[in-house]
Amino acid sequence: MPHLLRVRRVDDSGLAVATLGDRPVDVCIDGRRVWTFWTQRDTTPVGSPVGRGPWPVRHAPWPKPLRRHLDGHARITVRDSATGSVSFDRDVALGSGQGPIRVQNKLGVDLGIDKSGRLVPTFAGRSDADIAALLDATDAVIEALRSAGVEPFVAYGTLLGAVREGAVLGHDSDADLGYVSRHTSPVDVARESFEIQRRLRLAGWQTSRYSGGSFKIYVTEAEVTRGLDVFGGFFDDGRLYLMGEIGTDFERDWIYPLGTAELDGRPMPVPARPEKLLEAMYGPSWRKPDPAFQFSTPTRTIRAFDDWFRGTQPGSRFWSKRAYVMANKPLRQTPSTLAKRAHALAVPLGAEVLDVGAGRGADSLWLARQGLSVTAYDYVTRALQPTQSLAEEESLELEVRHLNLTEWRSVFAEGARLAQRPRPRIVLARHVVDSTSGTGREALARLCSMALREGGSLLAEFHLPTGDEGREDVEWMVGRPNRDSFTTLLRDAGASRVDVRELKRDGRPTVNVVGEW
Amino acid sequence: MELRSLRPGSSKAAFRRLEERVADLEADLTEVRRHNVRLAEIADVVQELLVPMASRDEEAIQKAIERFQESL
């Protein structure tokens, strides 16, 4: 069958394609896939096709993260992802047209758009040695998971690669592992996941948790650090739940005993009936390549996972991205009003300052430079690294610590640690109340009750929802922070006095709270 | 409200009441389900920290807290 796709134009704005069907197509730069889009789903119509053939013309804009690389000239090829049939293959000049186009990071590693729209180091540009290094790491993690008492198998894109192609998928950027617990209750599945992560940490792996049922293991191969996702699963009354995307009627013996499939010549554990799991993951057309596949997980499954396991990192994607964007920008040199106030309160008390939600640490650094002992907390600590280095250079008493207000384990453990070192403290929480969930707000009050038993204060400032004022809320706002419910939380957590002031900051309704313990 | 009351010709109010009831049930289910991860967290903290704390060995307690925090 002839391919029903004509590429009319490739320019700085994107691709103009004429097509009737909706199929995934790969865009390659100098022979390497950098992006895949669906010809209907990811495009918009652009006027009439009069005189240009029978099919409507549609526009596929370049993905934003790719745009800044598209300056120069290159051979651009457009091909059908499933059949490989080529619709366009020409030298194209974009932007200034000067020099070759390179879609690479600073280290010269080739990048591509993954299925979530992020520009990441995909496997397409990796050498066999690099892929072997990742497979070594996958093997080692599988062993570590086995020693923690579960039977892991490769899952999602890694399973698809192994079963369909016998190799890692070129457009993939990470490796996925899954296991099905012997437990049937989400409580026990989460506890088991905690225990597995603990064992892996003890064995020296770098990990980070993103829900009660799944976490990431970081593996550095060559100069690229990749995350191996470990998805927990369980059976409940004939229904399989596998973190991420699956909630479906399933047979236990379609998973166990595990079988084997080859991934780049390496035997990898796979479910007993991998095709059954692949169909649950990618639908009946899983055999057809689709690098731009998007999950259409039923609302019932998403709700179940959200309720059981998630909600432990609201807003983290926003703050991680911001940490990346702000990394090379100079740090604010002047303290916030709240930090000046914290300083004034801390000095006479001989108190240390706990800067919760420290962000990039501008206030923490200023306070430490005034001679105070400061702990800078955040759940995205990456943004604090430059501040930590500066503090070390200047021999300041500034410690950076991870704290996630929406994980009770994090708050209880840090609260216990602080309770072991009793001293007066000032807790500074600038734009924490408005950037965390209800659980996080409760946890902030709990942390104060644990940290301030020897006396001290909480200084908090947060924006309120703008309501009817016709202005959008700050982009980091989570839920609807409320003045009265927050002050009630503080009183319930043992504050002897709570002073509240409403003001405008940056033209936004803002609340300033001082709680005394 | 009985489902059989929702026959063709049922009033808009009857449908609205049913929609509200489904929304309430979903909210109730969320309320129950969201205790899972919190209960798991509490059990994990107790299991990992209570035993060393019962020993009253300051050093062991500190180490247990440090080890626990590293595993998060």
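One can find the structure itself at the top, above this paragraph.
Residues numbered from 1 in each chain as written. Chains lettered and ligands numbered in written order. Predicted model: local features only at pLDDT ≥ 70, side-chain atom pairs only at ≥ 80, totals over all residues. Heavy atoms only, no water.

Q: Mind showing me how you'd approach the overall build of chain A here?
A: A tally of regular secondary structure across chain A gives 13 helices and 26 strands. In terms of overall size, chain A behaves like a compact globule, its C-alpha atoms giving a radius of gyration of 26 Å where 517 residues would be expected to give roughly 24 Å. Taken along the three principal axes of its C-alpha coordinates, chain A extends 80 × 55 × 45 Å. Here chain A, with 517 residues, has 55% of them falling under the buried criterion. With an accessible surface of roughly 22,800 Å², chain A has 48% of that area assigned to carbon and sulfur atoms. Between the mean site of the 69 positive side-chain charges and the mean site of the 67 negative ones, chain A shows a separation of 3 Å. (Helix = DSSP H or I, 4+ residues; strand = E, 2+ residues; numbered from the N terminus. Rg over C-alpha atoms; globule rule 2.2 N^0.38 Å. Buried < 20%, exposed > 50% of the residue type's maximum accessible area, 1.4 Å probe, protein only. Areas by Shrake-Rupley, 256 points an atom, 1.4 Å probe, with all protein chains shown as cover. Lys, Arg positive; Asp, Glu negative; His and termini not counted. Charge placed at Lys NZ, Arg CZ, Asp CG, Glu CD.)

Q: Whenever I open this one, the overall build of chain B confuses me. Can you help?
A: A tally of regular secondary structure across chain B gives three helices and zero strands. The order of α-helices and β-strands along chain B, N terminus first, is α-α-α. Scaling as 2.2 N^0.38, a compact globule of 72 residues should have a C-alpha radius of gyration of about 11 Å, whereas chain B reaches 24 Å, well beyond that. In chain B, which comprises 72 residues, the share counted as buried stands at 28%. For chain B, the exposed surface amounts to about 5,200 Å²; the carbon and sulfur share of it is 55%.

Q: Would you mind going over the interface of chain A and chain B with me for this structure?
A: Frequently, the measure chosen for interface size is the accessible area removed from exposure when the parts meet. At the interface, 33 residues of chain A touch 28 residues of chain B. Together, the buried faces of chain A and chain B total about 2,800 Å²; carbon and sulfur atoms form 55% of this surface. On the chain A side of the interface with chain B, the three residues burying the most area are R198(A), D307(A) and Q420(A), jointly 22% of the side's total. One salt bridge in this structure joins R303(A) and E26(B), with 3.0 Å as the shortest N-O distance. (Contact = heavy atoms within 4.5 Å. Buried area = accessible area lost by both parts, 1.4 Å probe. Salt bridge = Lys/Arg side-chain N within 4 Å of Asp/Glu carboxyl O.)

Q: What should I look at first to understand the side chain of R417(A) in this one?
A: By the secondary structure assignment, R417(A) is in helix α11 (residues 408-420). Beyond its immediate sequence surroundings of up to four residues, R417(A) is in contact with Y377(A), E399(A), R401(A), I65(B) and Q69(B).

Q: Got a minute to help me understand the sheet that holds strand β4 (residues 32-38) of chain A in this structure?
A: Within a sheet, neighbouring strands are paired by backbone hydrogen bonds and run either parallel or antiparallel to one another. Residues and elements named next belong to chain A. What the four strands build is an open sheet, ordered β4-β3-β7-β8; its pairing is antiparallel. The open sheet has two edge strands with one neighbour each: β4 and β8 (86-94). The mean angle between the axes of side-by-side strands here comes to 25°, regardless of whether they run parallel or antiparallel. (Pairing = 2+ DSSP bridges. Axes fitted to C-alpha atoms, helices over the stretch in contact; angles between N-to-C directions.)

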